[in-house]
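An overview of the molecular structure
Here is how the chains run, residue by residue.
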Amino acid sequence: MTTELILKTIPKVLLHDHLDGGLRPQTIIELADEIKYKKLPTKDPIELGEWFHRGANKGNLVEYLQGFEHTTAVMQTKESLIRVAYEMMEDMKKDGVVYVETRFAPALHLEKGLYLEDTVKAVLEGLEKGKEDFGVGYGLILCGMRNMKNSLEIAELAVNFRRQGVVGFDLAGEEGGYPPKKHIDAFQFIQRANFNITIHAGEAFGKESIWQAIQWCGAHRIGHATRLIEDIVLDNEGNVVAFGDLAQYVLDKRIPLEICLLSNVHTGAVDKIENHPFGIFYREKFRVTLNTDDRLMSDTTMTKEFMTAVKYFNLNFDDFEKITINSMKSAFIPYKERLHYIYNVIKPGYQKMREQILSFNNIKGENEKVIQ
Ligand SMILES: O=c1[nH]cnc2c1ncn2[C@H]1C[C@H](O)[C@@H](CO)O1
Ligand SMILES: [Zn+2]
């Protein structure tokens, strides 16, 4: 049993994953064919996947986001949205994800005549069918885009669908020059409706963005939050000397951080993975979660993100159980459902694997032992 197989098998929870950032290359090719979309560079799925990843791995968010032009271009019909959502659920099952919160921006799918409501209904249809077939739980988050003016409308849309599977509202897109405060009416609408908010912040812009997201916009979770490290004073060895008021607040209020390790390297939020503040956040007991962000652009899966955490941050089996429980605690579904996942799915899943590892290690020599 390899570490990779163990990490793939254990139950995982994914809170930050973009539906339009996770299409299968083969699906993009087929959907493009159907609508005669000519802008793809190749019809070879492997080459196409590599092309998306090369395009994204440029070290800045603006270029990282360019690939979405192509994925959203082939997601303009009800059928394509259903298909992409359904396949995402199948991919989650293969990756050992037991609960996923996926997100997309309805306003980017109106080019061929769909209304905002149609896009949400189609995605929910695909997700529900996926849940039936693959047994993976889901919640849908609707994204307003920072550079668009209709975020209030999207917030209203999210609330309108709260009984049908939409669990929250997010703000995505280019961060520099588009502070979350500009969308305050959307966030206040969500707050007055007692609904859920997560905001991309502290990825391509500094700690001020995180502060605004929490203290102006009422974010319950933060997408990325990488640059919260700017509010933590470290000594030369990387030990924490002091927390600023914001970091202390995030820590004390247990605000969940949706960490996306590989994506942060590709967008340049960190220069290299070794320098990602995740290790410090985790050690200092912030409520961190691990996520994929954009599986296509970042060529990743939850298993890969966990492998990355093993390799660079020395996480062990117990750490992953803790992080997975952190994620489930932070999900936007009702408390009772979260408890169900924690006590009936996650804990038994980890216990079962623990027993398998023990019996495996008992029959193997010292050198062949796998993580524990
Ligand atoms: O990492 C990201 N930061 C900000 N915005 C992002 C990121 N990944 C994807 N998006 C944008 C592009 C998508 O079209 C949109 C909705 O999923 O969200
Ligand atoms: Zn994201």
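What comes next is a walk through the structure. (Residues numbered from 1 in each chain as written. Chains lettered and ligands numbered in written order. Predicted model: local features only at pLDDT ≥ 70, side-chain atom pairs only at ≥ 80, totals over all residues. Heavy atoms only, no water.)

Before going further, it helps to examine the environment of Ile325. Tracing the backbone shows Ile325 in helix H15 (residues 317–330). For Ile325, a relative accessible area of 13% translates into the label buried. With 228 residues separating them along the chain, Ile325 and Val97 place their C-alpha atoms 13 Å apart. The contact partners of Ile325, leaving out residues within four places of it in the chain, are Ile342, Ile346 and Lys347. (Helix = DSSP H or I, 4+ residues; strand = E, 2+ residues; numbered from the N terminus. Buried < 20%, exposed > 50% of the residue type's maximum accessible area, 1.4 Å probe, protein only. Contact = heavy atoms within 4.5 Å.)

A word on the coordination of the zinc ion (ligand 2). Surrounding the zinc ion (ligand 2) are the protein donor atoms His16 (NE2), His18 (NE2), His200 (NE2) and Asp293 (OD), at 2.1 Å. Each of the 4 donor atoms around the zinc ion (ligand 2) contributes to a set of angles spanning 84 to 167 degrees, which defines the coordination as irregular. Spacing between the donor residues of the zinc ion (ligand 2) along the chain follows H-x1-H-x181-H-x92-D. With a gap of 184 residues between them, His16 in strand E1 (residues 12–18) and His200 in strand E5 (residues 198–201) connect regions that are remote in the sequence. (Donors = N, O, S within 2.8 Å, 3.2 Å for Na, K, Ca; no water. Tetrahedral: all angles 85-135°; square planar, octahedral: opposite > 155°, others 65-115°.)

All right, on to the site of ligand 1 then. Among the 17 residues in the neighbourhood of ligand 1, the closest are listed as His18, Asp20, Glu203, Asp293 and Asp294. Separating an oxygen atom of ligand 1 from a side-chain N or O atom of His18 is a distance of 2.7 Å. Burial of ligand 1 by the protein amounts to 99% of the accessible area it has alone, namely 410 Å². Considered class by class, the residues forming the shell around ligand 1 number 8 nonpolar, 4 polar and 5 charged. (Near = heavy atom within 4 Å. Polar contact = N/O pair within 3.5 Å; in protein donor to acceptor, adjacent residues only side chain to side chain. Areas by Shrake-Rupley, 256 points an atom, 1.4 Å probe, with all protein chains shown as cover. Nonpolar A, V, L, I, M, F, W, Y, C, P; charged D, E, K, R; others polar.)

What follows deals with the pairing of E5. Along any regular strand, the residues point their side chains to alternate faces of the sheet. Where burial is concerned, the two faces of E5 agree: the one with Thr198 and His200 and the one with Ile199 and Ala201 are both buried. Crossover connection from E5 via helix H10 (residues 207–215) to parallel strand E6 (residues 221–224): handedness right-handed. (Right-handed = clockwise from strand over helix to strand, strands pointing away.)

Turning our attention to empty space enclosed by the protein. Per the counting criterion, the structure on display carries 1 cavity of 30 Å³ or more. Of the voids in this model, the largest cavity is the one considered here, and its volume is about 40 Å³. Tallied by class, residues from the lining of the largest cavity come to 4 nonpolar, 2 polar and 4 charged. (1 Å grid on protein atoms, 1.4 Å probe; cavity = no way out; pocket = protein on both sides within 12 Å on 5 of 7 lines; lining within 4 Å. Points joined across faces, edges and corners; volume = space filled by probe spheres on them.)

This part takes up the side chain of Asn291. Following the sequence through the fold, Asn291 ends up in the loop between strand E10 (288–290) and helix H14 (302–313). A polar contact is formed between the side chain of Asn291 and the backbone nitrogen of His16, at a distance of 3.0 Å. Beyond its immediate chain neighbours, meaning those up to four positions away, Asn291 contacts Leu14, Leu15, His16, Glu258, Ile259, Cys260, Leu261, Met302 and Glu305.

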